[in-house]
Amino acid sequence: MSNEISPAFDAVITALKGKKVIAYPTEAVFGLGCDPDSEDAVQDLLALKNRPWEKGLILIADNYERLCPYIDDTQLNDIQKKTMFSFWPGPVTWVIPAKKTTPIWLTGKFSTLAVRVTDHPLVKQLCSMYEKPLVSTSANFSGFEPCRSVEEVRQQFGKHIPVLEGGVGGRKNPSEIRDALTGKLYRQG
């Protein structure tokens, strides 16, 4: 692979640096994302999706280390960590206690944060190139089905949203969500 950044990655990375919302393919559906450290970008994402801030958001990353500034994994024992890591990289999102410094615009009304280490090659490359995790929520308006193609993203959100073009993974359902402390299943994958 060459070190040259393709125009597709260049456009979405420029948008992320400009605190804009982007769309990108994930394991099952397209996601909407932005820089997790930009309150303005997260507020724009929530407004675009018509999603209440209280629900909290998911962070997606190419590796676990990128998530560490946001989560307090000292509250997990070795067995809980081993279980979590056995599903990563992959389409399982884990809810982990958040660090006290993690912004409320990410955690919502919770003291936890949902995080995932993805195995989707384009998202892995995007996070690696941006050197940060991304906010990840399904690309759809409230009440609509999640987008599964670039065309569907453009139909719902217009032609001006920066989109990392590519195919979604072969999964039928969005990521499974589990509690890292208890193992409780919040959403079937």
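Right, let's walk through the structure included here. (Residues numbered from 1 in each chain as written. Predicted model: local features only at pLDDT ≥ 70, side-chain atom pairs only at ≥ 80, totals over all residues. Heavy atoms only, no water.)

### Considerations on the side chain of Thr-102
Within the fold, Thr-102 resides in the loop between strand 4 (92-97) and helix 4 (104-107). Non-local contacts of Thr-102, meaning those with residues more than four positions away in its chain, are made with Pro-69, Tyr-70, Ile-71, Thr-107 and Leu-113. (Helix = DSSP H or I, 4+ residues; strand = E, 2+ residues; numbered from the N terminus. Contact = heavy atoms within 4.5 Å.)

### Brief notes about the side chain of Thr-93
Relative to the helices and strands, Thr-93 is located in strand 4. The class of Thr-93 is buried, set by a relative accessible area of 0%. (Buried < 20%, exposed > 50% of the residue type's maximum accessible area, 1.4 Å probe, protein only.)

### Re the environment of Ser-38
By the element assignment, Ser-38 lies in the loop between strand 2 (30-33) and helix 2 (39-49). For Ser-38, a relative accessible area of 7% corresponds to the buried category. The spacing of Ser-38 and Gly-18 is 20 residues in sequence and 9.8 Å in space, taken between C-alpha atoms. Filtering out sequence-adjacent residues up to four positions away, Ser-38 remains in contact with Lys-19 and Trp-105.

### A closer look at the environment of Pro-146
The topology assignment puts Pro-146 in the loop between strand 6 (134-138) and helix 6 (150-157). Along the chain, Pro-146 and Gly-31 lie 115 residues apart, while their C-alpha atoms are 8.4 Å from each other. The residues touching Pro-146, leaving out its near neighbours within four places in the chain, are Val-29, Ser-138, Ala-139, Asn-140 and Glu-152.

### A word on the packing of aromatic side chains
By the definition in use, this model includes 6 aromatic pairs. Seen from their ring centres, Tyr-64 and Trp-88 are 6.0 Å apart, and the 40° between their planes marks the pair as tilted. Here the residue Tyr-64 occupies a position in the loop between strand 3 (58-61) and helix 3 (78-86), and Trp-88 occupies one in the loop between helix 3 and strand 4, the gap between them amounting to 24 residues. Per residue, the accessibility class of Tyr-64 equals that of Trp-88, and both read buried. Taking 6.0 Å as the distance between ring centres and 75° as the angle between the ring planes, the aromatic pair formed by Phe-141 and Phe-144 counts as edge-to-face. Taken together, the ring pairs in this structure connect Tyr-64, Phe-85 and Trp-88 into an aromatic cluster. (Phe/Tyr/Trp six-rings, centres within 6.5 Å; stacked < 30°, edge-to-face > 60°.)

### Some thoughts on the pairing of strand 1 (residues 22-25)
Side chains Ile-22 and Tyr-24 project from strand 1 onto one buried face, and the interleaved Ala-23 and Pro-25 project onto a second face that is buried too. Inspection of the sheet shows strand 1 paired to strand 2 by 4 bridges, in the antiparallel sense. Bridging across to strand 2, Ile-22 finds its partner in Gly-33. Once strand 1 ends, the chain turns through 4 residues before running back antiparallel as strand 2. (Pairing = 2+ DSSP bridges.)

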